[in-house]
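Summary of structural features
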Amino acid sequence: MQNIRAAIVDLDGTMVDTLGDFDVALNQSLKDLGRPEVGRADIERMVGKGSAHLIRSALVHGGLDTAEAGALQAEAWKRYQANYLAINGQHSAVYPGVVEGLTALRERGLPLACLTNKPIGFARPLLQAKGLDSFFAQVFGGDSFERTKPDPLPLLKTCEALGTPPSHTLMVGDSQNDGIAARAAGCPVVLVTYGYNHGEPIAQAPHDRLIGSLEELLHLS
């Protein structure tokens, strides 16, 4: 941490447990389309790669082939967007230790950015609803850049916005998307042991340290 000049923090599964929001919005959208609902455990494995991937995965999970799911994608996205915005934050909760961890980073004088694969139109209102928006100098979503995590481009662009080189910019996330992107961008990376990692052990994802709470950032040296 002595060489860290800024930090980038993921949103879903890292700061906020949003599985309840995904459950309600996605299944209402599927119901609107006359498609089978998806169980929460399956949704947990699907999230993390952006809304388009989540919708497509849910449609395929419900019995459609790739072409059929593609044909429904635009209408499904329209309904999902409306349903998600209607309940954004109502079925989610900030994880314990998040406020303490963010406060510790801020008190070290580190500028912070939130970088998520969630659409920016969902991310900003969620941060505001949970009282976390004031911590961040920058907020970028899955539609802010040409590519999403695990591609390194979003991290590199966020480092540019923060004005810090990747080697001095800490990535804090919850999944292999964050670990792979950080490694490719040249950022040190800390992953939380809770959150969403597509049903795979988080220890298998690239990381420099695993933590059980963002509050543990206070004790990193």
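Now for a look at the structure at hand. None of the values given here were measured: they were computed from a predicted structure. (Residues numbered from 1 in each chain as written. Predicted model: local features only at pLDDT ≥ 70, side-chain atom pairs only at ≥ 80, totals over all residues. Heavy atoms only, no water.)

Quick notes on the nonpolar core
Cut-off, in case you're wondering: Only buried residues count toward a nonpolar core, which is a set of Ala, Val, Leu, Ile, Met, Phe, Trp, Tyr and Cys residues joined through side-chain atoms within 4.5 Å. Whether a residue is buried, partly exposed or exposed follows from its accessible area with a 1.4 Å probe, protein chains only, as a fraction of its type maximum: under 20%, in between, or over 50%, in that order. By definition, residues are in contact when any of their heavy atoms lie within 4.5 Å.
Residues Met-15, Tyr-80, Leu-102, Phe-136, Leu-214 and Leu-217 are the most contacted members of the largest nonpolar core, which totals 51 residues. In contact with Met-15, other than residues within four places in its own chain, are Val-9, Asp-10, Ala-93, Val-94, Tyr-95, Val-98, Leu-102, Cys-114, Leu-127, Leu-132, Phe-136 and Leu-214. Membership of the second largest hydrophobic core comes to 19 residues, among which are Met-171, Ala-182, Ala-185 and Cys-187.

Topic: the side chain of Asp-21
To keep things clear, this is the line we draw: In this description a helix means any DSSP run of H or I spanning at least four residues, a strand means any run of E spanning at least two, and both kinds are numbered starting from the N terminus. Positive charge is attributed to Lys and Arg, negative charge to Asp and Glu, and no charge count is given to His or to the chain ends. Salt bridges are defined by distance alone: a side-chain nitrogen of Lys or Arg within 4 Å of a carboxyl oxygen of Asp or Glu. As used in this structure description, the phrase polar contact means that two N or O atoms lie within 3.5 Å; if the pair is within protein, one of them must be able to donate a hydrogen and the other to accept it, and residues adjacent in sequence are counted only when both atoms belong to side chains.
With respect to the helices, strands and loops of the structure, Asp-21 is situated in helix 1 (residues 19-32). An unpaired buried charge is present at Asp-21: no salt bridge exists, and Lys-118, the closest side chain of opposite charge, is 6.1 Å distant. Polar side-chain contacts of Asp-21 include one of 3.3 Å to the side chain of Ser-92. With near-sequence residues (within four places) excluded, Asp-21 lies in contact with Tyr-84, Ile-87, Asn-88, Gly-89, Gln-90, His-91, Ser-92 and Leu-126.

Observations regarding the packing of aromatic side chains
Aromatic rings in a pair are described by how distant their centres are and how their planes are angled relative to each other. Quick reminder of the rule: Ring pairs shown here join Phe, Tyr and Trp side chains whose ring centres sit within 6.5 Å, with only the six-membered ring taken for Trp; geometry is labelled stacked below 30 degrees between planes, edge-to-face above 60, and tilted in between.
One pass over the full model with this rule turns up eight aromatic pairs. Aromatic pair Tyr-95 and Tyr-194: ring centres 4.4 Å apart, planes at 45°, arrangement tilted. One end of the pair, Tyr-95, is in the loop between strand 3 (93-94) and helix 5 (98-107); the other, Tyr-194, is in the loop between strand 7 (189-192) and strand 8 (209-211), and 99 residues separate them in sequence. Of the two residues, Tyr-95 and Tyr-194, both sit in the buried class. Cluster of aromatic residues (ring-pair linked, three or more members): Phe-22, Trp-77, Tyr-80, Tyr-84 and Phe-122.

Quick notes on the environment of Leu-72
By secondary structure assignment, the location of Leu-72 is in helix 4 (residues 66-87). It is 26 Å that separates the C-alpha atoms of Leu-72 and Gly-89, two residues lying 17 residues apart in sequence. Contact partners of Leu-72, with chain neighbours within four places excluded, come to Leu-33, Arg-35, Leu-59 and Leu-64.

Such coordinate-based values are descriptive only and should not be taken to indicate function.
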